Amino acid sequence: MTAALALAGLGDIGLHAHLPALLRNPAVRVAGLVDPDPDRRALAAANGPAYADLAALLDDRTVHGVVLATPPWVTSELIATVTGTGRFVLAEKPVATSTRAASVLRDLPPAHRRRVQVGLTYRHDPALELLREWIADGVLGEPLLVRAHIHDERRDAALPEHTRRIETTLAHGMPVLHEGAHVFDWLAFLLGGPPLSVEDGWSLRTRRDLAAPNQCGARLRYPRGAVALVEFGWLTGALPRCELSFLGDRGHVLLDGRTFAMELHTADGVERVDFEPDRATRCFDRQLTRFVELVTGVREAPEPDLDDGLGALELSERVAGIAEEGARGEGTVSPARKYTGAGRPGARGRTP
Ligand SMILES: NC(=O)c1ccc[n+]([C@@H]2O[C@H](COP(=O)([O-])OP(=O)(O)OC[C@H]3O[C@@H](n4cnc5c(N)ncnc54)[C@H](O)[C@@H]3O)[C@@H](O)[C@H]2O)c1
């Protein structure tokens, strides 16, 4: 069966990652391309019928599902609209700008929730599967010290439109709210579940005129004694290396934050692992294959699902809140908080 899929949101990630993946997949027919911006529609129009409004496309009963590559401030309502018509959704993360704004998603009936796959794209990467095996097999030893340095969106004088777009996004919240969803999803996948606590956080603005701090970070405790130091930064004129590292008593893994090339250092030497093709292509392809399996009934449940998306959002928001308090304390760190996992069914309340 061919899956008839529409793409809503013809911006950066829609046109450069989702649309190519849809066009590469032989099991997909591109049923429509949606964006309110006529310039964005013009860029994509050669690849399928273009619409200004998703509602017009949803009148077409042959459409099975929609890929939402929209800003988080419109994504949650669109998820509710599309699942309400019986269609499947692959929704970009974050699924909302805040847990409060995500209330429409928490209220979705179970049958609608089961039709939502969340675009935590890089959890599909084979590099993470291999690293998880190494960790579980004790190749690195336990407990682990994890460092995640996520620096992106360089301020480039030659790309003023890009800078304007990222500054607008920053006005909706610190980088952890946008990048954290991915990173916390990887860490939960690798370390055996979500963190037990967020110990402290910090944030700062590298320029006074920015709408929110563009640098922030936190210290988290994970199962089996792991400690993670995470930091997120945007909009500086130069960027530090984007990298994650996992250090245990027996070994050290460096994971390149952009390519997911890995280096395993142990007493036996250094092993380097690269995967083909490039990270975005392989992850967007694997993600779409899983979505097509969901749409066509081959797969029973979405992966990652809405609970994963809401859990990642809740944790990102909690870290942002703690990081902001840390900034207001002028050098003092904010007190330890327990991660509630709210947004996941059966989650326990916050431990004081
Ligand atoms: N999975 C990933 O690796 C990844 C990478 C980058 C961005 N993202 C996420 O993808 C989303 C989009 O990011 P982007 O960088 O492409 O943003 P963008 O601003 O470049 O594009 C968003 C597009 O959505 C359109 N849009 C707005 N409202 C719409 C509506 N109601 N219906 C249809 N289209 C609408 C806008 O006109 C714009 O063209 C964000 O949530 C972002 O966090 C994910």
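Residues numbered from 1 in each chain as written. Predicted model: local features only at pLDDT ≥ 70, side-chain atom pairs only at ≥ 80, totals over all residues. Heavy atoms only, no water.

An unreviewed UniProt entry lists the protein chain under the name Dehydrogenase, with Amycolatopsis antarctica given as the organism.

## As for the domain arrangement of the protein chain
How big an interface is tends to be stated in terms of accessible area lost as the parts join. Along its sequence, the protein chain is organised into domain 1 (3-122 + 282-303) and domain 2 (125-275 + 312-338). If you average the C-alpha positions of domain 1 and of domain 2, the two centres end up 27 Å apart. Taken residue by residue, the interface counts 17 residues in domain 1 and 18 residues in domain 2. Of the roughly 1,600 Å² buried at the junction of domain 1 and domain 2 (both faces included), carbon and sulfur atoms supply 57%. The interface formed by domain 1 and domain 2 includes three salt bridges. Linking domain 1 with domain 2 are eight residue pairs in polar contact (both at pLDDT 80 or more). The biggest single contributor to the side of domain 1 that touches domain 2 is helix H10 (residues 279-295), with four residues. Of the residues contributing to the side of domain 1 that touches domain 2, the split by class is seven nonpolar, five polar and five charged. (Domains from an automatic or database assignment. Contact = heavy atoms within 4.5 Å. Buried area = accessible area lost by both parts, 1.4 Å probe. Salt bridge = Lys/Arg side-chain N within 4 Å of Asp/Glu carboxyl O. Polar contact = N/O pair within 3.5 Å; in protein donor to acceptor, adjacent residues only side chain to side chain. Helix = DSSP H or I, 4+ residues; strand = E, 2+ residues; numbered from the N terminus. Nonpolar A, V, L, I, M, F, W, Y, C, P; charged D, E, K, R; others polar.)

## Quick word on the site of the ligand
Every one of the 23 residues lining the ligand counts as a neighbour, but Asp12, Ile13, Asp35, Glu92 and Thr121 are closest to it. In the model, an oxygen atom of the ligand is placed 2.6 Å from a nitrogen or oxygen of the aspartate 35 side chain. Backbone polar atom of threonine 70 to an oxygen atom of the ligand: 3.4 Å apart, as the coordinates give it. In isolation the ligand has 850 Å² of accessible area, and contact with the protein removes 78% of it. Every element with two or more residues in the shell around the ligand is listed here: helix H1 (12-24) and helix H4 (72-84). (Near = heavy atom within 4 Å. Areas by Shrake-Rupley, 256 points an atom, 1.4 Å probe, with all protein chains shown as cover.)

## Some words on the UniProt feature "domain: GFO/IDH/MocA-like oxidoreductase" (unreviewed entry) in the protein chain
Summarizing the sequence annotation, UniProt attributes the feature "domain: GFO/IDH/MocA-like oxidoreductase" (unreviewed entry) to residues 131-252 in the numbering used throughout. Structurally, residues 131-252 is divided into 29% helix and 31% strand, and its ends, taken at the C-alpha atoms, are 11 Å apart. (UniProt positions renumbered as here; feature names shortened; annotations may be inferred.)

## Regarding the UniProt feature "domain: Gfo/Idh/MocA-like oxidoreductase N-terminal" (unreviewed entry) in the protein chain
The residues that UniProt annotates with the feature "domain: Gfo/Idh/MocA-like oxidoreductase N-terminal" (unreviewed entry) are residues 6-119. Taken end to end, residues 6-119 comprises 40% helix and 22% strand; its first and last C-alpha atoms sit 15 Å apart.

## A closer look at empty space enclosed by the protein
By the definition in use, this model includes three cavities of 30 Å³ or more. Computed from the structure, the largest cavity encloses a volume of approximately 50 Å³. As for the largest cavity, its lining consists of Ile135, Glu142, Pro143, Leu144, Leu191, Pro223, Arg224 and Ala226. Of the residues assigned to the lining of the largest cavity, the class counts are six nonpolar, no polar and two charged. (1 Å grid on protein atoms, 1.4 Å probe; cavity = no way out; pocket = protein on both sides within 12 Å on 5 of 7 lines; lining within 4 Å. Points joined across faces, edges and corners; volume = space filled by probe spheres on them.)

## A few points about helix H8 (residues 160-171)
Turn by turn, an α-helix covers 3.6 residues, leaving residues three or four places apart pointing in a common direction. Its twelve residues place the ends of H8 17 Å apart at the C-alpha level, agreeing with the 16 Å of an ideal helix rising 1.5 Å per residue. The set of residues buried in H8 consists of His162, Thr163, Ile166, Thr169 and Leu170. Buried residues in H8, looked at end-on, bunch into an arc of 125 degrees, giving them a common side. When the buried face of H8 is taken as reference, the exposed residues oriented beyond 90 degrees from it are Pro160 and Ala171. If you follow the buried residues of H8, they end up packed against helix H9 (175-191) and strand E10 (227-234). Taken from the residues just after H8, glycine 173 is the one with a positive phi, measuring 145 degrees. (Expected span 1.5 Å × (residues − 1). Buried < 20%, exposed > 50% of the residue type's maximum accessible area, 1.4 Å probe, protein only. Arc of directions from axis to C-beta.)

## What about the confidence of the model for the protein chain?
Residues with a pLDDT of 70 or more make up 93% of the protein chain, whose mean pLDDT is 92. Across residues 338-352 the pLDDT falls below 50, and counting only partners more than four positions away or on other chains, this stretch makes 33 contacts in the model. (pLDDT = per-residue confidence, 0-100.)

## Details of the sheet that holds strand E2 (residues 28-34)
With parallel pairing, six strands are arranged side by side in an open sheet as E3-E2-E1-E4-E5-E6. In this open sheet, the two strands that pair with only one neighbour each are strand E3 (50-51) and strand E6 (116-119). Taken together, the four bridges between strand E5 (residues 88-92) and E6 define a ladder with parallel strand orientation. Looking at E6, one finds that valine 89 is bridged to valine 116. Packed onto the sheet, H1 meets strand E1 (3-8), E2, strand E4 (65-68) and E5 and runs at close to 170 degrees relative to E1. The sheet contacts of H10 involve E1, E2, E4, E5 and E6, and relative to E5 the element is tilted by about 155 degrees. (Pairing = 2+ DSSP bridges. Axes fitted to C-alpha atoms, helices over the stretch in contact; angles between N-to-C directions.)

## Remarks on the nonpolar core
With 74 residues, the main nonpolar core has Leu187 and Phe246 as its most contacted residues. Residue contributions to this core peak at nine residues, all from H9. Two domains each donate at least three residues to this core, and these are domain 1 (3-122 + 282-303) and domain 2 (125-275 + 312-338). With 29 residues, the next largest nonpolar core counts Leu58, Ala91, Val95 and Ala312 among its residues. (Core = buried A, V, L, I, M, F, W, Y, C linked by side-chain atoms within 4.5 Å.)

## Focus on helix H7 (residues 126-136)
All buried positions along H7 are accounted for by Pro126, Ala127, Leu128, Leu131, Trp134 and Ile135. Sitting at the head of H7, aspartate 125 places a side-chain oxygen 2.7 Å from the backbone nitrogen of alanine 127. Glycine 138 lies just past H7 and shows a positive phi near 75 degrees.

## Comments concerning unusual backbone geometry
Geometrically, the link from glutamate 142 to proline 143 is a cis peptide bond, its omega value of 0 degrees lying close to zero. Within the secondary structure, proline 143 sits in the loop between H7 and strand E7 (145-152). Here the phi dihedral of arginine 224 falls at roughly 60 degrees; this positive angle occurs in a residue that is not glycine. Here arginine 224 is to be found in the loop between strand E9 (215-221) and E10. According to the relative accessible area criterion, arginine 224 is partly exposed, its value standing at 46%. Positive phi is not limited to glycine here, since phenylalanine 260 has a value of about 65 degrees. Relative to the helices and strands, phenylalanine 260 is located in the loop between strand E12 (251-256) and strand E13 (262-266).

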